[in-house]
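A look at the structure
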Amino acid sequence: MEIIIQPDSLGASYLAARIIAGLVRAKPQAVLGFATGQSPFKLYQFLIKIHSNEGLDFSRVTAFNLDEYVGLDPTHPASYHSYMRDNLFSRINIPEDRVNIPDGLADDIPASCRAYEDRIRAAGGIDLQILGIGTDGHIGFNEPSSSLASRTRIKTLTEQTRKDNAALFGGEEKVPHHVITMGLGTIMDCRTCLLLAFGNKKANAIAQAVEGPLTAMVPASILQLHPRTIVIIDEEAASGLQRAFYYKWVYSHKPDWQKY
Ligand code: GLP
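In this report, we go over the structure that sits alongside the text. The model shown is predicted, which means the values in this text are computed figures rather than measured ones.

Overview of the site of the ligand
All residues adjacent to the ligand are Gly37, Gln38, Ser39, Asp67, Tyr80, Gly132, Ile133, His138, Gly140, Phe141, Asn165 and Lys202. Note that an oxygen atom of the ligand is positioned 2.7 Å from one of the backbone N or O atoms of Gln38. Side-chain polar atom of Ser39 to an oxygen atom of the ligand: 2.4 Å apart, as the coordinates give it. Contact with the protein chains covers 92% of the free accessible surface of the ligand, which is 390 Å². Its residues assigned to classes, the shell around the ligand shows three nonpolar, seven polar and two charged.

Thoughts on helix α1 (residues 9-26)
The periodicity of an α-helix, 3.6 residues per turn, causes residues three or four positions apart to be oriented the same way. Here α1 is 18 residues long and its end C-alpha atoms lie 26 Å apart, about the 26 Å a rise of 1.5 Å per residue gives. Where α1 is concerned, the buried positions are Ser9, Ala12, Ser13, Leu15, Ala16, Ala17, Ile19, Ile20, Ala21 and Val24. Capping the start of α1, Asp8 holds a side-chain oxygen 3.2 Å from the backbone nitrogen of Leu10, two or three residues further along.

Some details on the sheet that holds strand β10 (residues 229-234)
Reading across the sheet, the seven strands line up as β1-β10-β9-β6-β2-β3-β5 and stay open at both edges, with parallel pairing between neighbours. Each end of this open sheet is capped by a strand with a single partner; those strands are β1 (2-6) and β5 (99-100). Here five bridges tie strand β9 (residues 192-197) to β10, and the two strands are oriented parallel to one another. Paired with Leu194 across the two strands is Ile230, which belongs to β10.

Remarks on the environment of Ala207
Assignment of secondary structure puts Ala207 in helix α8 (residues 203-211). A residue is classified by how much of its surface remains accessible, and Ala207, at 15% relative accessible area, is buried. Separated by 100 residues in the primary sequence, Ala207 and Asp107 have C-alpha atoms spaced 39 Å apart. Setting aside residues no more than four positions away along its own chain, Ala207 makes contact with Gly212, Gly240 and Leu241.

Focus: the sheet that holds strand β7 (residues 153-156)
Ordered by their spatial adjacency, three strands build an open sheet running β4-β8-β7, and the pairing between neighbours is antiparallel. Of all strands in the sheet, those with a lone pairing partner are β4 (67-69) and β7, marking the two edges. On average, adjacent strands in this sheet sit at an angle of 30 degrees to one another, irrespective of strand direction. Judged from the three bridges that link them, β4 and strand β8 (residues 178-181) form a sheet pairing that is antiparallel. Opposite Asp67, over in β8, you have Thr181 as the bridge partner.

What to know about unusual backbone geometry
The residue Ser145 is not glycine, and still its phi comes out positive at about 85 degrees. For Ser145, a relative accessible area of 56% puts it in the exposed group.

Notes on the side chain of Gln6
Relative to the helices and strands, Gln6 is located in strand β1. A relative accessible area of 15% means that Gln6 is categorised as buried. When neighbours within four sequence positions are excluded, Gln6 is seen to be in contact with Gly11, Ala12, Leu15, Ile232, Ile233, Asp234, Glu235 and Tyr251.

Topic: the packing of aromatic side chains
If you walk through the whole model with that rule in mind, you get ten aromatic pairs. On the numbers, 5.7 Å between centres and 80 degrees between planes, the contact of Phe64 with Tyr116 is edge-to-face. You can see Phe64 sitting in strand β3 (residues 62-65) and its partner Tyr116 sitting in helix α4 (residues 109-122), a full 52 residues away along the chain. Taking the relative accessible area as the measure of exposure, Phe64 reaches 1% and is therefore buried.

Some points on the pattern of salt bridges
Two side chains of opposite charge can pair, provided their charged atoms sit close to one another. The tally for this structure, following the rule as stated, stands at eleven salt bridges. Two residues, Arg151 and Glu117, come together in a salt bridge whose shortest N-O distance is 3.0 Å. Pair noted here: Arg151 is in the loop between β6 (128-131) and β7 and Glu117 is in helix α4, with a separation of 34 residues, a long-range link. By relative accessible area, Arg151 is classed as partly exposed at 34%. Put simply, Glu235 and Lys248 hold a salt bridge, and the shortest N to O gap is 2.9 Å. Of this pair, Glu235 sits in the loop between β10 and α9 (244-252) while Lys248 is found in helix α9, placing the two residues 13 residues apart along the sequence. For Glu235, a relative accessible area of 37% corresponds to the partly exposed category. Each member of the salt-bridge network shares a partner with another, and the members are Arg18, Arg25 and Glu54.

Reading the values: rules and limits
Residues numbered from 1 in each chain as written. Predicted model: local features only at pLDDT ≥ 70, side-chain atom pairs only at ≥ 80, totals over all residues. Heavy atoms only, no water. Near = heavy atom within 4 Å. Polar contact = N/O pair within 3.5 Å; in protein donor to acceptor, adjacent residues only side chain to side chain. Areas by Shrake-Rupley, 256 points an atom, 1.4 Å probe, with all protein chains shown as cover. Nonpolar A, V, L, I, M, F, W, Y, C, P; charged D, E, K, R; others polar. Helix = DSSP H or I, 4+ residues; strand = E, 2+ residues; numbered from the N terminus. Expected span 1.5 Å × (residues − 1). Buried < 20%, exposed > 50% of the residue type's maximum accessible area, 1.4 Å probe, protein only. Pairing = 2+ DSSP bridges. Contact = heavy atoms within 4.5 Å. Axes fitted to C-alpha atoms, helices over the stretch in contact; angles between N-to-C directions. Phe/Tyr/Trp six-rings, centres within 6.5 Å; stacked < 30°, edge-to-face > 60°. Salt bridge = Lys/Arg side-chain N within 4 Å of Asp/Glu carboxyl O.

Structure, rendered in structure tokens:
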């Protein structure tokens, strides 16, 4: 894992946006995996800016989102369809037919999950997957105890995750119990993973994911087995790391050819 600690979330998000812009410039038909939540919010604002100020072209990009709530209409304001439309897709030039988000309204959920995996494979696999992390160490909606080899499927949210996401629904009781999420095996197949985490409330999850043992109880710890994961965090999210000084030294002494 490459751990990059930035002074704040703005600088961290800008760096993430530059990495993604670099990928899209080098490979205009890139397949990008998107995440929702607070963590990638500023990154998406930077991508919109780079698109409008520098003409970054998303017309050949294919998008796959990590997850969606079961039972929510795509127009529901708390759905991840709405989040992506409002915060990114409607503000860049990605064609609608290149956007893929799990279907929370599917009649046959297992068939729809298999079809999602087939679409990822048919697109050539995901080049870069953006990830946030839950306070319990989940990625996507792969809650603790998720199979480390899991594929896209239905999951049941923990009480903690439903609490964490309650504000968007106007109350915990309104948060669905079920979701569809790419599995940990699906995420591990992505060529690059880019995980963003900011603030003190993520410090424990980051410490466990990066420096703790590999365990299904901290699903993000599976990324320790991923050949190319970049973790970009702010000082607060880094505050539980034992080797923060080392990671900072590594980053500031990268050879020129390795710099972003
Ligand atoms: C939800 C999402 C995850 C996200 C997590 C953290 O559980 N399904 O993909 O990483 O929330 O969200 P936030 O970035 O808002 O802290």
